[in-house]
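Inside the fold
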Amino acid sequence: MNDNRKLIPIIGTISAGKSTFLNALLGTNVLQKGSITTTKFVCLIKHSANIQFYKVKATRNNNQLYFEKEGDAITVEEEIKEKIITLNHNLKDLSNSSSAQEKADIFYMLETPIRNIENTQLLEECYFMDIPGLNEINNPYIETIFSLISSNDIKFEIMIFDSTNIGSDGILKIMKRLEAKKCLKKSGNLFILNRIDEVTQNGEDDIISSFKQYFYQNFEDEKNKDLILININENKF
């Protein structure tokens, strides 16, 4: 499967709201979400009129990324939800063993309507990526993800930050590693500050000011990026 689509990874720490954000784009709660470590594998999301979910193997040939379908597709949304929960549960005890690393090129593809994006060109040209929190320990997908998002296959990154946890070591370590691997693109990135309703001690202006001060002090090249403040709740913003 190669339709020359670029990738849009949703990047963040564990439980920053990555899957919840994608559910909001889809307009339905098909992806598992939670307040603890939830997403354990890479799920590619392709805009399609009909919903289906299936396994794909990532390969590269002549520097071109391919996704080869493996097995049958699930076409009922409730069954897809159950399958995703089962996958996350079964993968929760993965370690960086050689056998686990061999499975890190196995992704899953979710074809589904993406109801809350009106840019049809973007929908036709890109896959969105739901990925584990990049500060997760002993998940064999992490190295695969860093390799992938440092490639030319990326359209841009969407980075989700938890407003209740600004300046945490987890965020800083992820961003430093992204910067070191030259994963941070110079244009197009979106930076989203989530859960602003949970920060009650300051007004929104103070939240933005604190975040920008932290962010710009550590990442000089990102000063011109847009910052979006949202509260993600169920399947809507």
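What to know about the overall build of the protein chain
Across its full length, the protein chain carries 7 helices and 9 strands. Looking at the protein chain as a whole, 48% of its 237 residues qualify as buried. Sequence-distant contacts in the protein chain: of pairs separated by 6 or more residues, those separated by 24 or more amount to 78%. Carbon and sulfur atoms make up 42% of the accessible area of the protein chain, which amounts to about 11,700 Å² in all.

Notes on the packing of aromatic side chains
In the structure shown here, the tally under the stated rule is 6 aromatic pairs. The interplanar angle of 10° and the centroid separation of 5.3 Å between the aromatic rings of Phe 53 and Tyr 108 together place this pair among those described as stacked. A residue pair is termed long-range when its members are at least 10 positions apart, and Phe 53 in strand S3 (residues 52–61) and Tyr 108 in strand S5 (residues 106–112) qualify at 55 residues. Ring plane angle 40° and centroid distance 6.1 Å describe the contact between Phe 67 and Phe 107, whose orientation is recorded as tilted. In this pair, Phe 67 sits in strand S4 (residues 64–74) while Phe 107 sits in strand S5, placing the two residues 40 residues apart along the sequence.

With respect to helix H1 (residues 18–26)
Among the 9 residues of H1, 9 are classified as buried, and the element is accordingly described as predominantly covered. Residues of H1 that are buried in the fold lie against strand S1 (6–11), strand S2 (43–47), S5, strand S6 (126–130), strand S7 (158–162) and strand S8 (190–194).

Focus on the pairing of S1
Put simply, side chains in a regular strand alternate between the two faces of the sheet. Of all the 6 residues making up S1, 5 are buried; the element is thus mostly covered by neighbouring parts of the structure. One ladder, built from 5 bridges, connects S1 with S6; its direction is parallel. Bridge pairing in S6 links Leu 7 to Tyr 127. Of the pairings in the sheet, the one linking S1 to S7 comprises 2 bridges and is parallel in character. Residue pairing across strands places Ile 11 opposite Met 159, the latter belonging to S7.

A look at the pairing of S7
For S7, the tally of buried residues reaches 5 of 5 residues, placing the bulk of the element in the interior. The side-chain alternation of S7 yields two buried faces, one formed by Ile 158, Ile 160 and Asp 162 and the other by Met 159 and Phe 161.

Concerning the nonpolar core
Within the largest apolar cluster, 66 residues are counted, with the highest numbers of intra-cluster contacts made by Phe 128, Leu 134 and Leu 178. Looking at which element gives the most residues to this core, the answer is helix H5 (residues 141–149), with 6 residues. The residues touching Phe 128, leaving out its near neighbours within four places in the chain, are Ile 8, Ile 10, Leu 22, Leu 25, Cys 43, Leu 44, Ile 45, Ile 114, Ile 117, Leu 122, Leu 123 and Ile 158.

A closer look at H5
Residues lying three or four places apart along an α-helix face the same way, a consequence of the helix completing one turn every 3.6 residues. When H5 is considered as a whole, its buried residues turn out to be Tyr 141, Ile 142, Ile 145, Phe 146, Leu 148 and Ile 149. Considered in projection along H5, the buried side chains sweep an arc of 165° and stay on one side of the axis.

Side note on the pattern of salt bridges
Overall, the coordinates contain 6 salt bridges when judged by the stated rule. With its nearest N and O atoms 2.5 Å apart, the salt bridge here joins Lys 40 to Glu 136. In this pair, Lys 40 sits in the loop between H1 and S2 while Glu 136 sits in the loop between S6 and H5, placing the two residues 96 residues apart along the sequence. Given the relative accessible area of 10%, Glu 136 is considered buried.

Description of the confidence of the model for the protein chain
Of all residues in the protein chain, 78% attain a pLDDT of 70 or more, and the chain-wide mean is 81. Looking across the protein chain, the model is least confident in helix H3 (residues 98–102), with a mean pLDDT of 49, and most confident in S2, with 96.

Quick look at unusual backbone geometry
One non-glycine residue with positive phi stands out, namely Ser 15, at about 60°. For Ser 15, a relative accessible area of 18% corresponds to the buried category.

As for the environment of Thr 38
Position of Thr 38 among the secondary structure elements: in the loop between H1 and S2. Overall, the relative accessible area of 14% leaves Thr 38 in the buried class. Setting aside its immediate chain neighbours within four residues, Thr 38 contacts Gln 32, Lys 33 and Asn 88.

Conventions adopted
- Residues numbered from 1 in each chain as written.
- Predicted model: local features only at pLDDT ≥ 70, side-chain atom pairs only at ≥ 80, totals over all residues.
- Heavy atoms only, no water.
- Helix = DSSP H or I, 4+ residues; strand = E, 2+ residues; numbered from the N terminus.
- Buried < 20%, exposed > 50% of the residue type's maximum accessible area, 1.4 Å probe, protein only.
- Contact = heavy atoms within 4.5 Å.
- Areas by Shrake-Rupley, 256 points an atom, 1.4 Å probe, with all protein chains shown as cover.
- Phe/Tyr/Trp six-rings, centres within 6.5 Å; stacked < 30°, edge-to-face > 60°.
- Pairing = 2+ DSSP bridges.
- Core = buried A, V, L, I, M, F, W, Y, C linked by side-chain atoms within 4.5 Å.
- Arc of directions from axis to C-beta.
- Salt bridge = Lys/Arg side-chain N within 4 Å of Asp/Glu carboxyl O.
- pLDDT = per-residue confidence, 0-100.

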